[in-house]
Amino acid sequence: MTRVALVQHGDVAVILSDNPPVNALSTDVRVGLVQALSQAIADPTTKAIVIACNGKTFFAGADITEFGKPRQPPILQDVIGHIEMAPKPVIAAIHGTALGGGLEVALGAHFRVAVPTAQIGLPEIKLGIFPGGGGTQRLPRLIGPIEALKLILSGDRMPADKALAVGILDQVEEGDPVQIGIAFAHKILAEGRRAIPLSERDDKIASVRADSSVFEVEAAAQLKRRPGQEAPAACVESVRLSFTVSIDEALARDRVRSQALVAGDQSRALRHVFFAERAAAKLPEFAGAVAPRAVRNVAIVGAGTMGGGIAMCFTAAGIPVTLIDATEQGLSAGLERVRNNYATSAKRGSITQSEAGKRLGLISGSTDRDAAVGADVIVEAVFESMELKREIFADLTRKTQAGTILATNTSALDIDDIAAATDRPEDVIGMHFFSPANVMRLLEVVRGAKSGWQAIATAMEVGKVIGKIPVLSGNCDGFIGNRMVAKRSAQVDRLLLEGAMPRDIDSAIKGFGFAMGPLETNDMSGLDIGWSIRKRRGTPFAIADAICARGWFGQKTGQGYYRYEKGDRTPRPNPDADSLILEISEKNHVNRRTIDRAELIERMVFPLINEGARILAEGIALRAGDVDVVWINGYGFPAWRGGPMFYADLVGLKTVVDRLDHFATQTGNADLRPAALLRALANKGASFAEWDKDRLLAQ
Ligand SMILES: NC(=O)c1ccc[n+]([C@@H]2O[C@H](COP(=O)([O-])OP(=O)(O)OC[C@H]3O[C@@H](n4cnc5c(N)ncnc54)[C@H](O)[C@@H]3O)[C@@H](O)[C@H]2O)c1
């Protein structure tokens, strides 16, 4: 199928790609680009060439489905080489998003023009690879190696106006991208401007070549923030080549490095996450059968920490919110927090002042629950009390029409008990946001026994609209994420009892790739929350309970597992907690031992896998990939390890089972015995990925 057309506009030839939905640079597009280019170069009437795309966007990147498969010629590097060496000026005319290979194609052109809504970026790092189509060589020659490195390592998108300011774009203009490209071609032809390939430019790299110390300082600082990850190190090495060796040699080395990265575990893990996040938001069982309810306005009951954050999520998507609290005081405190958050964002430049004003304007407050009437979705975020939640839900069902979605943000209460307080359990659902709700991308949509498909579909769809990654969970204690956390917490407490100290635990798991350790995190959220849950459930923890009994609740009381100075959140060693830990071990007649890092990690990560397997077997999560998505987006599991279930496949399920059996015997803790599903898959030599595939085929 021909995906690339050559359209003549007088003396300008327009090469137009048409490969919906995002003009991915798949093999037939690359072939088409080379053919069209050769034709345009050979045609004596053509004086300049414009490369543009049909549809909603310029080339938005490589074709991710071709990753990891044998490469089909022409490879992108060669296509871009052809473009760059064209003896006639080539102009890339950009709309939508020029990402990854798309931006690299544009960097192969001699000039770049774009419409104001366009965005550019090199997001390869997010897939564990690096821009191997020459982006690491040409971008430094355009904007300097340090700026190039920052953009490449961030993987973030840059809006057209900024790209113009830093010199990546030559012109930004409203209108049809093809027409803008043609007009620009006429302008440079009239001015007689020379088409200089970026690979031949030296002006932006000469100073770093003479003295690379500033580059090296920046590179070291950036890598320090990403320990253990291969792709960032490869990006640094590749950008360094832009000013240390010839471009031909650099491109040759990039080819080798890029293939090694694509084949590596880290990139495989990140690609798994990419697809798992998209799959999680889909509901295969009834796809298309039930339309979600249109969500035009939302009410939130409870203007506390979560309520305010949830309100901000909806306003960011332009959806008006009524924020309701029981008291004037609660309401004004909630609104004040939201106002402060917007002010901080505007000051930081993450949103404009006028956008902040617009979003704030979408929130109205009330202390009257009747203000929720007329909303399409009502999210309840009051204190974690079953009695209170049941009273609110019973009242809301009386006040609202059937079909109004009644969602609870509870972290630990039973959705079915809440739904039973209403006469419309089909409209009741859990929408479990994570704190801070306006930042965290995970949304667990918790389906009660009687939740209707419309409620489920609406919660999933509105989750996507507000930029979250919705994952469907069954109703059980802790849903997917917190149920697994509970298993890790139990092990952490036992490890402290057996011989580890708080810093050993946190530093082991951070070495594995988590941004924060479990004990630092608990200190931050407040140790009293877990303590009260354990007391309610009758599941005591030897160490954690002893710490709480002293009134040490973490940061808010100045000490917990760590000690905190006033106004400073840095965890410092807490000798009092350390001696308490030793004392409790002694009291329990435990012979403390040195536990090495590898064992600490296994004891904290393998129980997650074990509980994940139980969650899958019970149908609480639809796919192993969903469990991974929950852990990466809600609990800081390193994305480059693919999530706990993908990691289990990498380690090998047999190894996980053997180690869990070993730990169960060693500690006498039967809960560590491998789950039936985990053992069965391991016995078959199967993986969670295969289990997911079988489930998909069965649907
Ligand atoms: N904080 C978290 O990290 C987190 C994360 C996920 C879910 N949750 C859940 O979200 C819910 C709210 O938690 P939070 O941390 O925002 O609590 P919070 O204490 O900060 O806020 C609760 C708010 O509800 C208001 N409220 C109490 N009774 C009310 C009533 N009858 N009508 C209207 N408003 C009422 C209070 O005035 C307060 O402003 C809880 O169910 C909690 O389990 C919390």
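The structure we're discussing is the one just above.
The structure contained in this document is the topic of the report that follows. (Residues numbered from 1 in each chain as written. Predicted model: local features only at pLDDT ≥ 70, side-chain atom pairs only at ≥ 80, totals over all residues. Heavy atoms only, no water.)

### Comments concerning the site of the ligand
In plain terms, the rule: Neighbouring residues are identified by heavy atoms, a residue being near a molecule or strand if any of them is within 4 Å of it. The definition of a polar contact used here is a pair of N or O atoms within 3.5 Å, where within protein one atom must be able to donate a hydrogen and the other to accept one, and adjacent residues in sequence count solely through side-chain atom pairs. Only the protein chains shown count as covering a residue, and every accessible area follows the Shrake-Rupley method with a 1.4 Å probe. A helix here means a DSSP run of H or I that spans at least four residues, while a strand means a run of E at least two residues long, and both kinds are numbered starting from the N terminus. Gly is placed with the polar residues, together with every amino acid not listed as nonpolar (Ala, Val, Leu, Ile, Met, Phe, Trp, Tyr, Cys and Pro) or charged (Asp, Glu, Lys and Arg).
Close contacts around the ligand come from 22 residues, with Met-306, Asp-325, Glu-384, Lys-389 and Asn-409 the closest. The side chain of Thr-305 places a nitrogen or oxygen atom 2.9 Å from an oxygen atom of the ligand. The separation between an oxygen atom of the ligand and a polar side-chain atom of Ser-411 is 2.9 Å. Burial of the ligand by the protein amounts to 77% of the accessible area it has alone, namely 840 Å². Counting residues per element, the ones that place at least two in the shell around the ligand are helix 13 (305–316), helix 16 (386–399) and strand 15 (428–433). At 3 residues, helix 16 tops the list of elements feeding residues into the shell around the ligand. Residues that form the shell around the ligand fall into these classes: 10 nonpolar, 8 polar and 4 charged.

### Focus: the environment of His-662
Spelled out, the test is: Each residue's exposure class comes from its accessible area (1.4 Å probe, protein chains only) as a fraction of the maximum for that residue type: buried when under 20%, exposed when over 50%, partly exposed otherwise.
Its location among the elements puts His-662 in helix 28 (residues 653–667). Overall, His-662 belongs to the partly exposed group, its relative accessible area being 37%. With 10 residues separating them along the chain, His-662 and Leu-672 place their C-alpha atoms 8.9 Å apart.

### A closer look at the pairing of strand 4 (residues 90–94)
Worth spelling out the cut-off: Pairing between strands requires that DSSP locate at least two bridges from one strand to the other.
With 5 of its 5 residues buried, strand 4 lies for the most part within the structure. Both faces of strand 4 are covered, namely the face carrying Val-90, Ala-92 and Ile-94 and the face carrying Ile-91 and Ala-93. By the bridge criterion, 3 bridges tie strand 3 (residues 48–53) to strand 4 in an arrangement that is parallel. In the strand pairing of strand 4, Val-50 is matched with Ile-91. Taken together, the 4 bridges between strand 4 and strand 6 (residues 111–114) define a ladder with parallel strand orientation. Bridge pairing links Ile-91 to Phe-111 in strand 6.

### What about the side chain of Arg-483?
To keep things clear, this is the line we draw: We call two residues in contact whenever any of their non-hydrogen atoms come within 4.5 Å of each other.
Looking at the element boundaries, Arg-483 is found in helix 19 (residues 481–498). Relative accessible area serves as the criterion here: at 12%, Arg-483 is assigned to the buried category. At a separation of 2.7 Å, a polar atom in the side chain of Arg-483 contacts the side chain of Glu-611. With near-sequence residues (within four places) excluded, Arg-483 lies in contact with Cys-476, Asp-477, Gly-478, Glu-611, Arg-614, Ile-615, Glu-618 and Ile-620.

### Regarding the side chain of Glu-380
For Glu-380, the position within the fold is in strand 13 (residues 377–380). From its side chain, Glu-380 meets the backbone nitrogen of Val-382 in a polar contact 2.9 Å long. Polar contacts involving the side chain of Glu-380 include one to the side chain of Lys-389, which spans 2.7 Å.

### Let's talk about helix 1 (residues 27–42)
Structural remark: α-helix, 3.6 residues per turn; residues separated by three or four positions point the same way. Just so we agree on the cut-off: Helices are assigned an expected span. That span is 1.5 Å times one less than the residue count.
Given a rise of 1.5 Å per residue, 16 residues ought to cover 22 Å, and the 23 Å separating the end C-alpha atoms of helix 1 matches this to within 8%. Those residues of helix 1 that sit buried are Thr-27, Val-29, Arg-30, Gly-32, Leu-33, Val-34, Ala-36, Leu-37 and Ala-40. The inward-facing, buried residues of helix 1 contact strand 1 (4–9), strand 2 (12–17), strand 3 and helix 2 (76–84).

### Structural notes on the nonpolar core
Short version of the rule: Only buried Ala, Val, Leu, Ile, Met, Phe, Trp, Tyr and Cys residues count toward a nonpolar core, and they belong to the same one when joined by side-chain atoms within 4.5 Å.
Grouped together as the largest cluster of nonpolar side chains are 83 residues, with contacts concentrated most on Leu-33, Phe-59, Ile-91, Ile-94, Leu-139 and Ile-168. In terms of nonpolar packing, the next biggest core, distinct from the first, is built from 78 residues, Leu-495, Cys-548, Tyr-564 and Ile-615 among them.

### Here we look at the sheet that holds strand 1
Stated formally: To obtain each axis, a line is fitted to C-alpha atoms, and for helices this fit is confined to the stretch in contact; angles are then taken between N-to-C directions over 0 to 180 degrees.
The mixed open sheet is built from 6 strands, whose spatial order is 1-2-3-4-6-9. In this open sheet, the two edge strands, each paired with only one partner strand, are strand 1 and strand 9 (171–172). One ladder, built from 2 bridges, connects strand 6 with strand 9; its direction is parallel. Note that in strand 9 the partner of Val-113 across the bridge is Gln-171. Running at roughly 25° to strand 1, helix 1 makes contact with strand 1, strand 2 and strand 3 of the sheet.

### Regarding the pattern of salt bridges
What counts, and what does not: Within this document, salt bridges are pairs made up of a side-chain nitrogen of Lys or Arg and a carboxyl oxygen of Asp or Glu, the two lying within 4 Å of each other.
Under the criterion given, the structure shown has 49 salt bridges. One salt bridge connects Asp-661 with Arg-679, and the closest N-O pair in it is separated by 2.9 Å. Residue Asp-661 is found in helix 28, and its partner Arg-679 is found in helix 29 (residues 676–684); the two are separated by 18 residues along the sequence. The network of salt bridges with shared partners includes Arg-369, Asp-370, Glu-391, Asp-395, Arg-398 and Lys-399.

### With respect to helix 14 (residues 328–348)
Heads up, the condition is: This arc corresponds to the set of directions leading from the helix axis out to the C-beta atoms.
In this model helix 14 runs 30 Å from its N-terminal to its C-terminal C-alpha over 21 residues, within 8% of the 30 Å that 1.5 Å per residue would give. Turning to helix 14, its buried residues are Leu-331, Gly-334, Val-338, Tyr-342, Ser-345 and Ala-346. Viewed end-on, helix 14 has its buried residues packed into an arc of 110°, placing them on one side of the element. Helix 14 presents Glu-328, Gln-329, Lys-347 and Arg-348 as exposed residues on the side facing more than 90 degrees away from its buried surface. Looking at the buried residues of helix 14, the elements they touch are helix 13, strand 11 (321–324), helix 15 (353–361) and strand 12 (363–366). Directly after helix 14, the chain includes Gly-349, whose backbone phi takes a positive value near 85°.

### Examining the sheet that holds strand 12
The 8 strands are arranged 12-11-10-13-14-15-16-17 in an open sheet whose pairing can be described as mixed. Here the strands that pair on one side only, and so sit at the sheet edges, are strand 12 and strand 17 (469–474). Pairs of neighbouring strands in the sheet enclose a mean axial angle of 25°, with direction left out of account. Here 4 bridges tie strand 10 (residues 298–301) to strand 13, and the two strands are oriented parallel to one another. When the bridges of strand 13 are listed, Val-298 appears paired with Val-377. Packed on one face of the sheet, helix 18 (residues 453–465) meets strand 13, strand 14 (405–408), strand 15, strand 16 (442–447) and strand 17 and runs near 175° to strand 16. Where helix 26 (residues 624–634) meets the sheet, it contacts strand 16 and strand 17, and its direction lies at approximately 125° from that of strand 17.

Keep in mind that these numbers describe shape and distance, not what the molecule does.
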